[in-house]
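Notes for the structure review
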Amino acid sequence: MSSVAERLEAVRQRIRTAAERAGRDPSTIRLVAVSKTQPAEAIRAAYEAGQRDFGENYVQELLQKQSELADLPELRWHLIGHLQTNKVAKVASVVSAVHSVDSPKLARELGKRALAVAPERRLSASGRPWVFVEVNVSREPQKSGVAPEALGELLDAVEREPLLELVGLMTVPAGNADPEQTRQQLEALVRLRDAHGGAARLPELSLGMSGDLELAVACGSTCVRIGTDLFGART
Ligand SMILES: *Cc1c(COP(=O)(O)O)cnc(C)c1O
């Protein structure tokens with residue numbers, strides 16, 4: 001099996017190629033390495049190969065790894081999984097970005113607790129955590145994310161929180177979708193962005209996983225979340 005560093009380079013190359021095909025500047029696409037279920041050593045290896053943004057789905061796991069890897073000064077944690085309001089206090093001072101805000105209540109809670117992260121872990125000059133609103137575009141009942149018709153109200157709620165920085169939208173396409181359905185779901189998110197202020201208000205799109213990276217880049221993703229293709233299959 002190839003090393004994390006080799007896989008990382010291969011994913012970076014995929015991003016460059018996809019950006020080129022889409023006529024985009026590859027430096028506008030951030031790679032978030034999704035490290036859920038992976039040991040801290042794998043994250044350390046990726047960091048040593050230059051990777052700085054890491055995504056975790058579960059609060060407990062994120063905090064555990066954060067304490068094991070506290071010596072890596074520029075590592076930025078992205079929470080990409082569902083966040084319960086009663087867990088907000090635990091992560092609010094640790095994360096550089098939350099990709100999964102899906103209710104006004106969660107936005108208010110996060111807004112009360114958010115703390116600026118250390119300068120070298122910041123995504124924006126202010127140090128305020130980046131907030132993506134997660135949209136349940138595929139309307140699967142078991143999935144988190146705000147319903148498209150409630151998006152406007154939620155965006156307003158995030159913008160009312162002075163300690164949060166609203167940056168964009170996120171979605172996870174249906175797991176069983178074929179490429180055409182996936183494309184429709186990603187495009188639906190782009191249309192929602194256009195309908196709610198466009199790139200001026202929502203400059204970032206958190207779109208794209210191992211299976212749909214190229215499609216996501218073609219749709220305008222600025223933040224791809226890649227797990228399997230970087231770290232291998234999860235056990
Ligand atoms: C696990 C996960 C990913 C990474 O998926 P891969 O297919 O392993 O690249 C991305 N986003 C979210 C929200 C995830 O839960």
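See above for the structure.
One structure accompanies this document, and this report is about it. None of the values given here were measured: they were computed from a predicted structure.

Moving on, we get to the layout of surface pockets. Of the volumes computed, that of the largest pocket is approximately 540 Å³. Forming the walls of the largest pocket are 26 residues, and the residues nearest its centre are Lys36, Asn57, Ile80, Gly81 and Val172. Secondary-structure elements contributing two or more residues to the lining of the largest pocket are α3 (59-68) and β8 (223-226).

Turning our attention to the pattern of salt bridges. Here the structure, examined in full by the defined rule, presents 19 salt bridges. When salt bridges that share partners are traced, they join Glu9, Arg12 and Arg16 into one network.

Around the ligand sit 13 residues in total, of which Lys36, Asn57, Ser210, Gly227 and Thr228 are the nearest. Contact distances for the ligand include 2.7 Å between an oxygen atom and a side-chain N or O atom of Asn57. For the ligand, the protein covers 88% of the area, taking 390 Å² as the surface of the free molecule. With respect to the pocket detection grid, the ligand is positioned in the largest pocket. Of the residues in the shell around the ligand, the class split is six nonpolar, four polar and three charged.

Quick look at the environment of Ser96 now. You can see Ser96 is positioned in the loop between α4 (88-91) and β4 (97-101). Once the C-alpha coordinates of Ser96 and Leu75 are considered, the two residues, 21 residues apart in sequence, prove to be 9.3 Å apart. The contacts of Ser96, once residues within four sequence positions are left out, are Arg76, Trp77, Val117, Arg121, Leu123, Pro129 and Trp130. Among the polar contacts listed, one links the side chain of Ser96 to the backbone oxygen of Arg121, at a separation of 2.7 Å.

On to helix α2 (residues 40-48). Listed as buried for α2 are Ala40, Ala42, Ile43, Ala46 and Tyr47. The arc that holds the buried residues of α2, viewed along the axis, is 160 degrees, so those residues lie on one side. Among the exposed residues of α2, those pointing more than 90 degrees away from its buried face are Glu41 and Glu48. Residues of α2 that are buried make contact with α1 (4-21), β2 (53-56), α3, β3 (76-79) and α10 (228-231). At the C-terminal side of α2, Gly50 shows a positive phi close to 105 degrees.

Attention shifts here to the environment of Ser67. Its location among the elements puts Ser67 in helix α3. Sequence separation between Ser67 and Ala40 is 27 residues, and the spatial gap between their C-alpha atoms is 9.9 Å. For Ser67, the side chain forms a polar contact with the main-chain oxygen of Gln64, separated by 3.0 Å.

Conventions and cut-offs
Residues numbered from 1 in each chain as written. Predicted model: local features only at pLDDT ≥ 70, side-chain atom pairs only at ≥ 80, totals over all residues. Heavy atoms only, no water. 1 Å grid on protein atoms, 1.4 Å probe; cavity = no way out; pocket = protein on both sides within 12 Å on 5 of 7 lines; lining within 4 Å. Points joined across faces, edges and corners; volume = space filled by probe spheres on them. Helix = DSSP H or I, 4+ residues; strand = E, 2+ residues; numbered from the N terminus. Salt bridge = Lys/Arg side-chain N within 4 Å of Asp/Glu carboxyl O. Near = heavy atom within 4 Å. Polar contact = N/O pair within 3.5 Å; in protein donor to acceptor, adjacent residues only side chain to side chain. Areas by Shrake-Rupley, 256 points an atom, 1.4 Å probe, with all protein chains shown as cover. Sits in = over half its atoms within 2 Å of the grid points. Nonpolar A, V, L, I, M, F, W, Y, C, P; charged D, E, K, R; others polar. Contact = heavy atoms within 4.5 Å. Buried < 20%, exposed > 50% of the residue type's maximum accessible area, 1.4 Å probe, protein only. Arc of directions from axis to C-beta.

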